[in-house]
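Inside the fold
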Amino acid sequence: MTATVGTIDPATRLSAARRAADLAALAADPSVDVLVIGGGVTGTGVALDAASRGLRVALVEKHDLAFGTSRWSSKLVHGGLRYLASGAVGIAYESAVERDALIRVIAPHLTRPLPQVVPLLGDVRRRDAALTRVGFLAGDALRLAARTPSSELARSRRISAGEVIAMAPTVRRTGLRGGLLNWDGQLTDDARLTVGIARTAAGHGATILTHCTASQVTGTAATVTDGLTGHSVTVRAKVVINATGVWSGTVDPAISLRPSRGTHLVLRQESFGGLTAGLTVPVPGAFGRYVFALPQPDGRVYVGLTDEEADGPLPDVPTPSDDEIDFLLATVNLALGTPLTREDVVGTFAGLRPLLDSGAGRTADVSRKHAVLTRGDGLVTVVGGKLTTYRRMAEDAVDAALATSGLPAGPCVTTTLPLVGAATRDALRRIDAPERLVRAYGTEASAVVALGATDPALAAPVAAGTEVTGAELVFGAVVEGAITEADLLERRTRLSLIPEVAAAATGAARAALAGQ
């Protein structure tokens, strides 16, 4: 098995054996320059930024990479269009710039252009349609400002009713007078992005430790406990960075957050007749808010998104409310010829946004701008923001850490640093592997194919209703740091989004881990 992944840079490979060796090394010498707490997209981004500047870095994550909010997004690389509507030009521009870096340099294999269509139905007032068109033109201006070429993201335009139907076959035909087409970026998968960032950080020397809990955290130390063995070590650092997102207040009680829950429904493509664009449906009475139906890999469509206050204790895995499910179905049905019902819903998921508490108003109105806060003892916390701007959040957090610690380091290089698997689009097209694997693994897709070639059973889908193969589960275990069956089913693949498929694949996940 090891020989078949020989094309993978050993420095970027994460596995149970690598984890055990790294824990032993840290116990022998428990000192680092930067200790990062949190293995989501921001935390792994911080680890990559710091390691690529030449610092000695350790990252600890209580559960698994992308365990929290980072895996529950809409899988969009937003250009910030929504923020223009509220006058947040700075955040919108920042989003467009970071989107450009992601789709052209950092992760072209995981990102691609997504057409998004707003059907102009009889109940969409011409005034609202005109305002939406103006908003799309402003989005075009953002794209130009970010220097994203039209070959990557085309300009918005008005389209005919026939074009709307071609992209969204189940759209309501009565009263359809055409549509508005806009382009944005889409991720193959947010969890895969996080894993790719972590592996790239490991390639630059960072120690990545999942299933390890940090406690007794100060600005220069923390107790790290191995969740598998119970062994603990006190790690000393020049600076500690808290990147635990919505759980930041558990590390630093002075942090006041106002989490909001965003819910999605999981449906099969059959329910949408082969949706090829993001179907964008205005929320009645709430200009600038939309519900999206977004085509996804493995024959799925996600319908989202809500923005609800999340009061009370923070769960490890949030659950959607019945009201949110009903709201999403009712809104998307406004644009469909045949209404969807709960029987069409094969799964759901929800994530919590780590919004800074700004006082009054709805969470939907709370700023998405990130903040970097430095405590008196030097603990640096980064909160807020959104997935698209993770790299900028990480850069700002490391800059603050350097300022408070006095550590010498090189400049930030992550705007031009490709992740593992990244390549130009021309190079990706030449890879001898199925397109769906190239979109998930990039240049490493051939290694996944090679794993399947060693055993015909690994080349076959692991369950009915999915194209994910046994080789992908093995790759997740021996290269991508999966330690448990849940790591494989919930994050290295997204099989768990349809519970019945995940149940059928559990045996294959167990076998993949046993074969390490």
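None of these values were measured; they are calculated from a predicted model. (Residues numbered from 1 in each chain as written. Predicted model: local features only at pLDDT ≥ 70, side-chain atom pairs only at ≥ 80, totals over all residues. Heavy atoms only, no water.)

Details of the side chain of Thr 331
If you trace the backbone, Thr 331 turns up in helix α9 (residues 322–333). Sequence-distant contacts of Thr 331, that is, excluding residues within four places in its chain, are made with Val 281, Pro 282, Val 283 and Val 291. (Helix = DSSP H or I, 4+ residues; strand = E, 2+ residues; numbered from the N terminus. Contact = heavy atoms within 4.5 Å.)

Side note on the pairing of strand β17 (residues 371–374)
One face of the sheet, then the other: side chains in a regular strand alternate in exactly this way. Two strands pair when backbone bridges link them, and β17 and strand β18 (residues 380–383) are joined in this way by 4 bridges, in the antiparallel orientation. Across the sheet, Val 372 pairs through a bridge with Val 382, a residue of β18. Connecting β17 to the antiparallel partner β18 that follows it, the hairpin turn spans 5 residues, and Gly 378 within it adopts a positive phi of roughly 100°. (Pairing = 2+ DSSP bridges.)

Side note on the UniProt feature "domain: Alpha-glycerophosphate oxidase C-terminal" (unreviewed entry) in the protein chain
This chain's UniProt record puts "domain: Alpha-glycerophosphate oxidase C-terminal" (unreviewed entry) on residues 412–505. The distance from the first to the last C-alpha atom of residues 412–505 is 41 Å, and the span holds 49% helix and 0% strand. (UniProt positions renumbered as here; feature names shortened; annotations may be inferred.)

Let's talk about unusual backbone geometry
Backbone geometry at Arg 147 places phi at a positive 65°, although glycine is not the residue there. By secondary structure assignment, the location of Arg 147 is in the loop between α5 (126–145) and β5 (157–159). Given the relative accessible area of 69%, Arg 147 is considered exposed. Backbone geometry at Asp 298 places phi at a positive 65°, although glycine is not the residue there. (Buried < 20%, exposed > 50% of the residue type's maximum accessible area, 1.4 Å probe, protein only.)

Describing the packing of aromatic side chains
Under the counting rule described, the total for this entry stands at 4 aromatic pairs. Relative to Phe 349, the ring of Trp 72 lies with its centre 5.4 Å away and its plane at 25°, an arrangement referred to as stacked. Of this pair, Trp 72 sits in the loop between β2 (57–60) and β3 (76–77) while Phe 349 sits in strand β16 (residues 345–353); the two residues are 277 residues apart in sequence, bridging distant segments of the chain. What makes Phe 349 buried here is its relative accessible area of 3%. (Phe/Tyr/Trp six-rings, centres within 6.5 Å; stacked < 30°, edge-to-face > 60°.)

A word on the domain arrangement of the protein chain
When cut into domains, the protein chain gives domain 1 (10–70 + 191–256 + 366–416), domain 2 (257–356) and domain 3 (425–514). In this complex, domain 1 contributes 17 residues to the contact, which on the side of domain 3 involves 15 residues. For the pair domain 1 and domain 3, the summed buried area comes to about 1300 Å², and 49% of that belongs to carbon and sulfur atoms. Ranking the residues of domain 1 by area buried against domain 3 places Asp 64, Arg 192 and Arg 199 at the top, with a combined share of 40%. One salt bridge connects Arg 492 with Asp 64, and the closest N-O pair in it is separated by 2.8 Å. Joining domain 1 to domain 3, the criterion identifies 10 residue pairs in polar contact (both at pLDDT 80 or more). If you list the elements that add at least two residues to the side of domain 1 that touches domain 3, you get α1 (16–28) and α7 (190–203). Residue contributions to the side of domain 1 that touches domain 3 peak at 4 residues, all from α7. Residue classes in the side of domain 1 that touches domain 3 are distributed as 8 nonpolar, 4 polar and 5 charged. (Domains from an automatic or database assignment. Buried area = accessible area lost by both parts, 1.4 Å probe. Salt bridge = Lys/Arg side-chain N within 4 Å of Asp/Glu carboxyl O. Polar contact = N/O pair within 3.5 Å; in protein donor to acceptor, adjacent residues only side chain to side chain. Nonpolar A, V, L, I, M, F, W, Y, C, P; charged D, E, K, R; others polar.)

Re the nonpolar core
Where a protein is soluble and globular, its nonpolar side chains tend to be buried together. Counting residues in hydrophobic clusters, the biggest one holds 45 residues, and the most contacted among them are Val 34, Val 57, Leu 193 and Ile 208. At the level of elements, β1 (31–37), α2 (41–52), β2, α4 (89–106), α7, β10 (232–242), β18 and α10 (390–405) are the ones that each hand at least two residues to this core. Per-element tally for this core: the top contributor is α10, with 8 residues. Excluding its chain neighbours within four sequence positions, the residues that come into contact with Val 34 are Ala 50, Leu 55, Arg 56, Val 57, Ala 58, Val 239, Ile 241 and Leu 407. Within the second largest apolar cluster, 40 residues are counted, among which are Trp 72, Ala 433, Ala 471 and Ala 477. (Core = buried A, V, L, I, M, F, W, Y, C linked by side-chain atoms within 4.5 Å.)

Some thoughts on empty space enclosed by the protein
In the structure shown here, the tally under the stated rule is 5 cavities of 30 Å³ or more. In this structure, the largest cavity spans a volume of roughly 120 Å³. In terms of lining, the largest cavity is formed by 13 residues, of which the most central are Arg 99, Gly 139, Asp 140, Asn 182 and Trp 183. Those elements giving two or more residues to the lining of the largest cavity turn out to be α5 and β6 (179–187). (1 Å grid on protein atoms, 1.4 Å probe; cavity = no way out; pocket = protein on both sides within 12 Å on 5 of 7 lines; lining within 4 Å. Points joined across faces, edges and corners; volume = space filled by probe spheres on them.)

Concerning the packing of α2 against α7
Each pair of packed helices can be summarised by the angle the axes make with each other and by the distance between the axes. Across the interface, α2 lies against α7 with an axial gap of 8 Å and an inter-helix angle of 25°. Considering the angle they form, α2 stands roughly parallel to α7. As α2 runs across α7, the sense of the crossing is left-handed. Taken together, the residues of α7 that come into contact with α2 (itself represented by Val 41, Thr 44, Gly 45, Ala 47, Leu 48 and Ala 51) are Leu 193, Thr 194, Ile 197, Ala 198, Thr 200 and Ala 201. (Axes fitted to C-alpha atoms, helices over the stretch in contact; angles between N-to-C directions. Parallel < 35°, antiparallel > 145°, perpendicular 65-115°, else oblique. Left-handed = near helix turned anticlockwise from the far one by under 90°.)

So, the pattern of salt bridges
Counted by the stated rule, this structure contains 39 salt bridges. A salt bridge links Asp 189 to Arg 494; its shortest N-O distance comes to 2.5 Å. One end of the pair, Asp 189, is in the loop between β6 and α7; the other, Arg 494, is in the loop between α15 (485–492) and α16 (499–514), and 305 residues separate them in sequence. On the accessibility criterion, Asp 189 (5% relative accessible area) is buried. Assessed through its relative accessible area of 7%, Arg 494 is described here as buried.

What to know about the layout of surface pockets
The volume enclosed by the second largest pocket comes to roughly 1000 Å³. Among the secondary structure elements, those contributing two or more residues to the lining of the second largest pocket are β4 (111–119), β6, β13 (290–296), β14 (300–304), α11 (425–429) and α12 (435–441). Here the lining of the second largest pocket is built from residues that sort into 18 nonpolar, 10 polar and 14 charged. Of the domains in this structure, domain 2 (257–356) and domain 3 (425–514) are the two that each give at least three residues to the lining of the second largest pocket.

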